[in-house]
Amino acid sequence: MTDPQVRGDETAPAPASQAASTLGAPLVRLTDVNKHFGDLHVLRDINLTVRRGEVVVVIGPSGSGKSTLCRTINRLEPIDSGSITIDGKELPEEGKDLARLRADVGMVFQSFNLFAHKTILENVTLGPVKAKGIRSAEAKQRAMDLLERVGVANQAAKHPAQLSGGQQQRVAIARALAMQPKVMLFDEPTSALDPEMITEVLDVMTALARDGMTMVVVTHEMGFARKAADRVIFMDAGVIVEEASPEEFFNNPTSDRAKDFLSKLLSH
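All figures in this text were calculated on a predicted structure; none of them were measured in a lab.

All right, on to the pattern of salt bridges then. Any two side chains of opposite charge can pair, given that their charged atoms come close. Per the stated rule, a full pass over the model turns up 13 salt bridges. In this structure, E243 engages R231 in a salt bridge whose closest nitrogen and oxygen atoms are separated by 2.6 Å. Linking E243 in strand β10 (residues 239-244) with R231 in strand β9 (residues 231-236), this pair joins segments that are 12 residues apart in sequence. Here E243 falls in the partly exposed class, since its relative accessible area comes to 39%. The salt bridge partner of R257 is D260, with a shortest N-O separation of 3.4 Å. Note that R257 and D260 are positioned in helix α9 (residues 256-266) at a spacing of 3 residues, about one turn of the helix. Given the relative accessible area of 29%, R257 is considered partly exposed. Because the salt bridges share partners, they merge into one network encompassing R52, D87, D104 and K182.

Pasting the structure below:
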């Protein structure tokens, strides 16, 4: 398992993604985004820009709004006000244009959301064939390449229930990649996994970061944040309280709330 400890006397390693690419133009932009669940104001005037090739890790206490933030980026959660653009195009509220833009945004959830009655290969090929009109043979070849990339190509003929949780999550990553997204969203992708399975999923995500994939990752895995992030976003009570490089954030947090959050991690 990735080391969850945060040690102030360590020098953080260089972000994995920076080794592969220089950050490009803005790809995802949230401007004055607000979201309510009834009377609960879960996102408060959120302004965030994610550049092409950047890995942004979002952390914070439970209930801080970080998963909601992630889910608004492809309108799984509609927003009350503000705007969200993907590669310069504003997300429409519904319809075919939304479906088209969503195809540019891959998402990996806490639960794997694989189709239980389909094989692993079928799970990965379904989206490209149905949503993008890719020929079956081409989709299968790409799917096998992606399953090889995430280390489960030998499981292609099996059904999800025959795989471990870590293997299923790696299939979910391959399925999202099969749509050739411009950005990948990860909403606490290891929280449903047993400890020994977490590392295998984080290793795949770290490799993606190193290859230059644009990623927004909501996670409690501080070791991953230190190793793979270009930028750490710390949220509390629906607000972005602090954002900085991993080295700055973990060694020199500026807000009292972030200092308190990190001190609790160190005490466990």
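Next comes the rest of the account.
UniProt's feature table lists "domain: ABC transporter" (unreviewed entry) at residues 28-262, given in the numbering used throughout. Across residues 28-262 one finds 39% helix and 26% strand; the C-alpha atoms that close the span lie 28 Å apart.

Right, let's talk about the sheet that holds strand β6 (residues 105-108) for a bit. In spatial order, the strands read β6-β7-β8-β3-β9-β10; together these 6 strands make up an open sheet with mixed pairing. Unpaired on one side and paired on the other, β6 and β10 mark the two borders of the sheet. Between one strand axis and the next, the sheet turns through 20° on average, direction left out of account. Here β9 runs beside β10; their pairing, made up of 5 bridges, is antiparallel. Looking across to β10, one finds that V232 is bridged to A244.

For the largest pocket, the calculated volume is near 620 Å³. The wall of the largest pocket is formed by 22 residues, among which R102, A103, V105, G127 and M179 lie closest to the centre. Among the elements that line the lining of the largest pocket, the one with the most residues is helix α3 (residues 120-132), at 5 residues.

We now examine the environment of G65. Among the secondary structure elements, G65 is positioned in the loop between β3 (55-59) and α1 (66-72). Ignoring sequence-local partners within four residues, the contact set of G65 consists of V42, L43 and M235.

For helix α5 (residues 165-178), with 14 residues, the first-to-last C-alpha span of 20 Å sits near the 20 Å given by 1.5 Å per residue. Where burial is concerned, most of α5 is hidden: 14 out of the 14 residues are buried. Q180 sits one or two positions beyond α5 and adopts a positive phi of about 55°.

Let us look at the side chain of T214. Secondary-structure assignment places T214 in strand β8 (residues 214-218). A relative accessible area of 2% places T214 in the buried class. Residues in contact with T214, not counting those within four places in the same chain, are L27, V50, R51, R52, G53, E54, K182, V183 and M184.

Thresholds, definitions, all that
- Residues numbered from 1 in each chain as written.
- Predicted model: local features only at pLDDT ≥ 70, side-chain atom pairs only at ≥ 80, totals over all residues.
- Heavy atoms only, no water.
- Salt bridge = Lys/Arg side-chain N within 4 Å of Asp/Glu carboxyl O.
- Helix = DSSP H or I, 4+ residues; strand = E, 2+ residues; numbered from the N terminus.
- Buried < 20%, exposed > 50% of the residue type's maximum accessible area, 1.4 Å probe, protein only.
- UniProt positions renumbered as here; feature names shortened; annotations may be inferred.
- Pairing = 2+ DSSP bridges.
- Axes fitted to C-alpha atoms, helices over the stretch in contact; angles between N-to-C directions.
- 1 Å grid on protein atoms, 1.4 Å probe; cavity = no way out; pocket = protein on both sides within 12 Å on 5 of 7 lines; lining within 4 Å.
- Points joined across faces, edges and corners; volume = space filled by probe spheres on them.
- Contact = heavy atoms within 4.5 Å.
- Expected span 1.5 Å × (residues − 1).

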